[in-house]
Amino acid sequence: MASVCFYFQVHQPFRLRRFSIFDRGADYFDNPANLEILRKVATRCYLPANAVLRETLERHEGRFRVAFSVSGVAIEQFQRHVPEVIDSFRRLAETGCVEFLAETYYHSLSFLYSRAEFEEQVTQHRQLMRRLFGYEPRVFRNTELIYNNEVARVAAELGFGAVLCEGADHLLGYRTPTFLYHPPQRPDVRLLLKNYRLSDDIAFRFSERAWPEWPLTPAKFAHWIDQVNGAGSVVNLFLDYETFGEHQSAETGIFDFLRELPTAVLARPDNDFRTPGECAAAFESAGEYDVPHMISWADTERDLSAWLGNAMQSNALHELYRLEPLVKQRGDEALLHDWRRLQTSDHFYYMCTKTQGDGAVHSYFNPYDSPYDSFINFMNVLDNLRGRVGARSAGRD
C-alpha cells in the first residue's frame, strides 16, 4: 500500500515599506502593497483552491485527506483583509479530513538564534490553531523545513510525536523518503521526509513544456505513486499552497489536476491518503535518520544558504536577535509584535545573492530590485526599532 500525504504551506509576510534613515514613525509595513498581494493571491489561489479541495474531500467521503500549516502572520492578514479565506479554511476543517500542523507563529528563524523565543512562537501558533479551528496540532514543521537532530529533540519535548523535514539524498544514501524514520535517541518520534522529486514535479515542472514528462496528467502521476508499492509506505508531497493558481496559473490546468488526482490515486485499491499525524500513527520507523547539520527544503542546496548565505543576511539576523532582551524587558506589546514581524524569514530571503537556478524562486512576491536594497531597507527599520528600545548607538539620533 502507498499512502499519499499532502501537506500545503500557507504563508504571507508583512512586507516592509520603503524606510529611510530620516523616517521617525514606527509604521514599518507596506500595508497597501501587502493588501494588493493578499487579495490577488486570495483570488487566484486560496479561495479557488480551497473550493476545489472542499468539493473533492466531500466527494471522496473521507478517503481523501490533506494537511496545512498556516503561519500566524498570514492568518493575521486574512482576518484583517480577506476574512472569507479564514471561513473557507474553517469549512475545510469541518470535513474532518484536514490536519493542521504547528510551526513558529511568525514563520521565523528563531530556532537558530533563541530557543526561548522559538518556544514562545510555537506555543502562540498552537493557541491560534486551537482558537481558530478547534484543532490541537500533534505534528510540527519548522520554518522552511529547517531541521536537524536538535529540532526533533526540542519538538519532542514540546509534545510533538512527529516532525516534517526534507528527504536529503546525501543523508538518505541508498534509502528512500518513502518510509518513516526516527531521529537518533528518539525512537518514539516519527520523521516524515519530503519526496522532493515528486513534489517538485507539481510545484515547479507542472507547466514546463520543455520537461519530457509534460503534460503531467493525474493518471501519469498516480502511476508514479503506484510504483512505490513494495518499496515504501508513503509518498510525502510537501508544497507551497501558492503553487495552485499563483505559481502555476489556472490556465495551466493545475486546478483540474488537483481535482482529479485523488480519483486517479484511489482507483488503485492498494493506495490511500493519510495526513502526517495518521502516517505517524500507522507506520513504524524504518530506521534512524541522522541529521547533525541543518537542512531545509530551500533551493538546490537544501541548506540554510537562502537566509544565511552572505554577510548581509548574517549581520541583519544577528543584530535583530541581539535586541531580544531589551525588547522583552520593555513590556510593550506593540514593540514586541513589530520585532517579531521583523523575524519573518522572507526579509532575509530577499537579501539572498544567489543568482543561479533558484533566482526565479527568490523573486516570488519579492518587492525589492536587489538584495542590497532589501538589506538597506531592513537595517533602516531595525535602526528605528533600536531607537524605540533605547539601544541606538550614540550619534545616530
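Residues numbered from 1 in each chain as written. Predicted model: local features only at pLDDT ≥ 70, side-chain atom pairs only at ≥ 80, totals over all residues. Heavy atoms only, no water.

1. Some thoughts on the overall build of the chain
Our working rule: Helix and strand definitions follow DSSP, with helices as H or I runs of at least four residues and strands as E runs of at least two, each counted in order from the N terminus. Values of the radius of gyration come from C-alpha atoms, whereas the globule rule sets the reference at 2.2 Å times the count of residues to the power 0.38. Buried means the residue's accessible area, taken with a 1.4 Å probe over protein chains only, is under 20% of the maximum for its type, while exposed means over 50%, and partly exposed covers the values in between. Only heavy atoms matter for contacts: two residues are in contact if any of them lie within 4.5 Å across the pair. Note on areas: Shrake-Rupley, 1.4 Å probe, and residue coverage restricted to the protein chains presented here. Charged-residue counts in this description rest on Lys and Arg as positive and Asp and Glu as negative, His and the chain ends being excluded. By convention, the point assigned to a charge is CZ for Arg, NZ for Lys, CD for Glu and CG for Asp.
Along its length, the chain carries 17 helices and 12 strands. In terms of C-alpha radius of gyration, the chain reaches 21 Å, essentially the compact-globule figure of 21 Å for 397 residues. Expressed along its principal axes, the backbone C-alpha trace of the chain runs to roughly 70 × 50 × 45 Å. The buried share among the 397 residues of the chain stands at 58%. A separation of at least 24 residues holds for 77% of the contacts in the chain among residues at least 6 apart in sequence. About 15800 Å² of surface is accessible on the chain, with carbon and sulfur atoms providing 50% of the total. Between the centroid of the 43 positive side chains of the chain and the centroid of its 54 negative side chains there is a distance of 2 Å.

2. Side note on helix α1 (residues 31–59)
Residues lying three or four places apart along an α-helix face the same way, a consequence of the helix completing one turn every 3.6 residues. For clarity, the threshold we go by: Multiplying 1.5 Å by the residue count of a helix minus one yields the expected span of that helix. Two axes define the bend at a residue: one fitted to the seven residues ending there, one fitted to the seven starting there, and the bend is the angle between them. Pairs of N or O atoms are called polar contacts if they sit within 3.5 Å, as long as, within protein, a hydrogen donor faces a hydrogen acceptor (for residues adjacent in sequence, only side-chain-to-side-chain pairs).
For α1, with 29 residues, the first-to-last C-alpha span of 39 Å sits near the 42 Å given by 1.5 Å per residue. The largest bend along α1 measures about 55° and falls at Ala 42. Looking at where α1 begins, the residue whose side-chain oxygen comes 3.2 Å from the main-chain nitrogen of Ala 33 is Asp 30.

3. Some points on the side chain of Gln 343
In this fold, Gln 343 is placed in the loop between α14 (333–341) and α15 (346–349). Exposure remark for Gln 343: the relative accessible area of 0% places this residue in the buried category. Within the structure, the side chain of Gln 343 is placed 2.9 Å from the side chain of Gln 121, a separation counted as a polar contact. Residues contacting Gln 343, with those up to four places away along its chain left out, are His 107, Ser 108, Leu 109, Ser 110, Glu 117, Gln 121, Leu 320, Tyr 321 and Phe 348.

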